[in-house]
Amino acid sequence: HISYVNGHYVRHARARVHIEDRGFQFADGVYEVFAIRRGRVLDAERHFERLTRSLAALRIPAPMSRAALQMVFAELIRRNNSPANGVLYLQITRGVAPRTHAFPPRAVPTLVATVNSLRPVDPEVLRAGVSVISLPDIRWRRPDIKSVSLLPNVLAKQQALEAGAYEAWLLDDSGMVTEGTASNAWIVTADGDLVTRPADMSILNGITRLVVLELAHRSNIRTVERPFSLAEAKAAKEAFLTGTTSLVKPVIRIDGATIGDGRMGTITAALQAAYLERLEDEE
Ligand code: PLP
């Protein structure tokens, strides 16, 4: 198992960053999670675009070009035996410097990447769906930046798991759903409209979200990007969530209330099938 740390391919068990890395001390960094299929990263361009925006928002200089990163990724995947199904995690922090809040004048960004193989998502879960619980969204006001500051997400996900649910749907101060701790949230209304929150500053604009929006458009599914409330979600005909590792998962219970007839809805099924097909076709 090999990881990449600041220009070096190292044994994973020996991969290290300094104790005064600002990622460690301040969560002063960003990350991306790429899906690996048949030894290749998917949707690299979209992830790189989002990475560029996250870095710019935090004023962290890009440590290397996209082309160079692609070469590192390819080499790292190769050295990890090119998993058929897996994830590549990339993290970039502002770097190592004596601890003080303001930006250090000459810090060199830290760049680490890991590759892990994964078992494919259980088809039974994709078919039967998952439960979610609602929790207040206590994150900072810029979840659109993919920063490594994930403590509220960690706590909410743990609370969901302890409640027997797969994910938490987070509620803003008006009771509207923002997103999940690591996924975007969708509903289908009684009128058959596909609804998801617009990519404002209150959510991470998921790559899976963007792909599913495109697939919906291509399938002539009427799509509305607007906030929806928890009450509307509970009364929805269908609900589902999307993410790089979650794929497209039906949500069949919210806070214990059954959505629709408790089975994956037709629009969810169509989008899930289209998404899985695209995964298989990706070359
Ligand atoms: N929202 C949050 C808070 C996330 O952390 C993630 C991904 O982990 C997503 C949404 C889904 O984004 P993507 O589809 O790019 O994986």
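Residues numbered from 1 in each chain as written. Predicted model: local features only at pLDDT ≥ 70, side-chain atom pairs only at ≥ 80, totals over all residues.

Looking at an unreviewed UniProt entry, one finds the protein named Probable branched-chain-amino-acid aminotransferase and attributed to Defluviicoccus vanus. A UniProt comment under Sequence similarities (unreviewed entry) is attached to the protein, and it reads "Belongs to the class-IV pyridoxal-phosphate-dependent aminotransferase family." The heading Function (unreviewed entry) in the UniProt record of the protein holds the text "Acts on leucine, isoleucine and valine." (UniProt positions renumbered as here; feature names shortened; annotations may be inferred.)

Caption draft 1: Seen up close, the domain arrangement of the protein. When cut into domains, the protein gives domain 1 (2-117) and domain 2 (123-281). For the side of domain 1 that touches domain 2, the elements supplying multiple residues, two or more each, are β3 (29-37), α2 (44-58) and β5 (85-93). Residues that form the side of domain 1 that touches domain 2 fall into these classes: eight nonpolar, five polar and five charged. (Domains from an automatic or database assignment. Helix = DSSP H or I, 4+ residues; strand = E, 2+ residues; numbered from the N terminus. Nonpolar A, V, L, I, M, F, W, Y, C, P; charged D, E, K, R; others polar.)

Caption draft 2: Summary view of the sheet that holds strand β2 (residues 8-11). Strand order in the open sheet made by the six strands is β2-β1-β6-β5-β3-β4, with antiparallel pairing throughout. Both outer strands of the open sheet, β2 and β4 (40-41), are each paired with one neighbouring strand and no more. Where strand β1 (residues 2-5) lies against strand β6 (residues 110-117), two bridges are found, and the strand directions are antiparallel. Bridge pairing in β6 places Val5 opposite Val112. (Pairing = 2+ DSSP bridges.)

Caption draft 3: Representation of α2 within the structure. Under the 1.5 Å per step criterion, the end-to-end length of α2 is 21 Å for 15 residues, consistent within 8% with the ideal 21 Å. All of the buried residues along α2 are His47, Arg50, Leu51, Ser54 and Leu55. For α2, the arc enclosing every buried residue in end-on projection is 135°, short of the 170-degree limit, so these residues lie on one face. Packed against the buried residues of α2 are β3, β5 and α6 (207-218). Positive phi appears at Arg59, one or two residues downstream of α2, with a value of about 55°. (Expected span 1.5 Å × (residues − 1). Buried ≥ 20, exposed ≤ 12 C-beta atoms within 10 Å, placed from the backbone. Arc of directions from axis to C-beta. Contact = placed C-beta atoms within 7 Å.)

Caption draft 4: Structural context of the confidence of the model for the protein. With 99% of its residues at a pLDDT of at least 70, the protein reaches an overall mean of 97. The complex prediction reports pTM at 0.97, with the ipTM value standing at 0.99. (pLDDT = per-residue confidence, 0-100.)

Caption draft 5: Looking closely at the environment of Pro198. Position of Pro198 among the secondary structure elements: in the loop between β11 (194-196) and α6. Under the C-beta neighbour-count criterion, Pro198 is labelled exposed, with 11 such atoms within 10 Å. For the pair Pro198 and Val224, spaced 26 residues apart in sequence, the C-alpha to C-alpha distance is 8.6 Å. Leave out the neighbours within four places in its chain, and Pro198 touches Glu225 and Arg226.

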